Amino acid sequence: MALTTLDDNTALIVIDLQNGIVALPVAPLEAHEVIERSARLADAFRGQKRPVVLVNVAGGAPGRNEQPKHGGDLPADWATLVPDLAQQRGDIAITKKTWGAFHNTDLHEQLQQRGITQVVICGIATSIGVESTARQAYELGYNVTLATDAMTCLNAETHKNSIERIFPRLGETGTTDDVLALLK
């Protein structure tokens, strides 16, 4: 589906473009491609005085699952956002401990204070942090837009599943250039 519009009160949410995540093997896009496109989106949103939300993850949900936990301590700069995002003083910084950026954070409250009705989401990983945040945003009543060429995943198959099966049920999908064209 093509993007139709961006509400006047739209925010950009960039998921987990941090040193530890971008160093992981990803597919189908390389991390540097996602970083470059996300930075372009952030610059454009800032240029229009629209909110930019930079999310990082510093921990994980405590529940039990079948995948082994990461052993040992993470590097000190693991949760540090990549410098390419050029974090600005006015950006909203959110640190999460679960997959979605809304759970146990004040993101919803911050967006509501600014009158935000729509979010554009990008980042890593498509089927984890991006999808969880998109689901939560949709459930909270935001119009959701997903910049599909500004995201990648830990697995090409799960990326494809999110793009083709999940995202069309949560909102509208398009490219970075599609979003930028609607910002003009």
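It should be noted that the structure appears before, not after, this text.
Residues numbered from 1 in each chain as written. Predicted model: local features only at pLDDT ≥ 70, side-chain atom pairs only at ≥ 80, totals over all residues. Heavy atoms only, no water.

Novice: Explain the packing of helix α2 (residues 31-47) against helix α6 (residues 176-183) to me, please; I cannot follow it from the model alone.
Specialist: When two helices pack together, their arrangement is captured by the angle between the axes and the distance separating the axes. It is at 10 Å that the axes of α2 and α6 come closest, and there the two elements cross at 5°. Looking at the two axes, α2 sits roughly parallel to α6. Facing α2, whose interface residues are Arg37, Arg40, Leu41, Ala44 and Phe45, α6 presents Thr176, Asp177, Val179, Leu180 and Leu183. Classifying every residue of the contact of α2 with α6 by side-chain character gives six nonpolar, one polar and three charged. (Axes fitted to C-alpha atoms, helices over the stretch in contact; angles between N-to-C directions. Helix = DSSP H or I, 4+ residues; strand = E, 2+ residues; numbered from the N terminus. Parallel < 35°, antiparallel > 145°, perpendicular 65-115°, else oblique. Contact = heavy atoms within 4.5 Å. Nonpolar A, V, L, I, M, F, W, Y, C, P; charged D, E, K, R; others polar.)

Novice: Looking at this structure, I do not really get the packing of helix α4 (residues 126-139) against helix α5 (residues 156-170). What am I missing?
Specialist: Where α4 meets α5, the axes come as close as 10 Å, and the angle between the chain directions of the two elements is 5°. Taken together, α4 and α5 sit at an angle that is classed as roughly parallel. On the side of α4, the interface is formed by Thr126, Ser127, Val130, Glu131, Ala134, Arg135 and Tyr138, while α5 contributes Thr158, His159, Ser162, Ile163, Ile166, Phe167, Arg169 and Leu170. Here the residues of the contact of α4 with α5 are counted per class, giving seven nonpolar, five polar and three charged.

Novice: Help me understand the pairing of strand β2 (residues 52-57), please; the structure alone is not making it clear to me.
Specialist: On any regular strand, side chains alternate: one points to one face of the sheet, the next to the other face. Of all the six residues making up β2, six are buried; the element is thus mostly covered by neighbouring parts of the structure. Burial along β2 is two-sided: the residues Val52, Leu54 and Asn56 and Val53, Val55 and Val57 are all buried. With four bridges joining them, strand β1 (residues 10-15) and β2 adopt parallel strand pairing. Paired with isoleucine 15 across the bridge in β2 is valine 55. The pairing of β2 with strand β3 (residues 92-96) spans five bridges and is parallel. Bridge pairing in β3 places leucine 54 opposite alanine 93. (Buried < 20%, exposed > 50% of the residue type's maximum accessible area, 1.4 Å probe, protein only. Pairing = 2+ DSSP bridges.)

Novice: Which parts of the structure should I look at to understand the pattern of salt bridges?
Specialist: Opposite charge on two side chains makes pairing possible when the charged atoms of those side chains draw close. Taken as a whole and judged by the stated rule, the model has seven salt bridges. Here lysine 96 and aspartate 16 are joined by a salt bridge, their closest N and O atoms 3.0 Å apart. One end of the pair, lysine 96, is in strand β3; the other, aspartate 16, is in the loop between β1 and α1 (19-22), and 80 residues separate them in sequence. Note on accessibility: lysine 96 and aspartate 16 belong to one class, buried. Residues arginine 46 and aspartate 43 are paired through a salt bridge, measuring 3.3 Å at the closest nitrogen-oxygen approach. You can see arginine 46 and its partner aspartate 43 sitting in helix α2, three residues apart, about one turn around the helix. The class of arginine 46 is buried, set by a relative accessible area of 15%. (Salt bridge = Lys/Arg side-chain N within 4 Å of Asp/Glu carboxyl O.)

Novice: Looking at this structure, how should I read the environment of threonine 158?
Specialist: Note on placement: threonine 158 falls in helix α5. On the basis of relative accessible area, threonine 158 is assigned to the partly exposed category, the value being 31%. Separated by 30 residues in sequence, threonine 158 and isoleucine 128 place their C-alpha atoms 9.1 Å apart. Here asparagine 155 takes part through its backbone oxygen, which lies 3.0 Å from a polar atom of the side chain of threonine 158. (Polar contact = N/O pair within 3.5 Å; in protein donor to acceptor, adjacent residues only side chain to side chain.)

Novice: Sorry, what's going on with the side chain of threonine 133 here?
Specialist: Position of threonine 133 among the secondary structure elements: in helix α4. Given a relative accessible area of 0%, threonine 133 falls into the buried group. Only 2.8 Å separates the side chain of threonine 133 from the backbone oxygen of glycine 129, close enough to count as a polar contact. Beyond its immediate stretch of four places on either side in the chain, threonine 133 contacts Ile13, Ile15, Trp99, Gly100, Ala101, Phe102 and Ile121.

Novice: Sorry, what's going on with α4 here?
Specialist: Think of an α-helix as turning once every 3.6 residues; residues three or four places apart then point the same way. In terms of burial, α4 is largely enclosed, as ten of its 14 residues are buried. What α4 keeps buried is the set Thr126, Ser127, Gly129, Val130, Glu131, Ser132, Thr133, Ala134, Gln136 and Ala137. The inward-facing, buried residues of α4 contact β1, β3, β4 (118-124), β5 (143-152) and α5. With its phi angle positive at about 95°, glycine 141 sits one or two positions after the end of α4.

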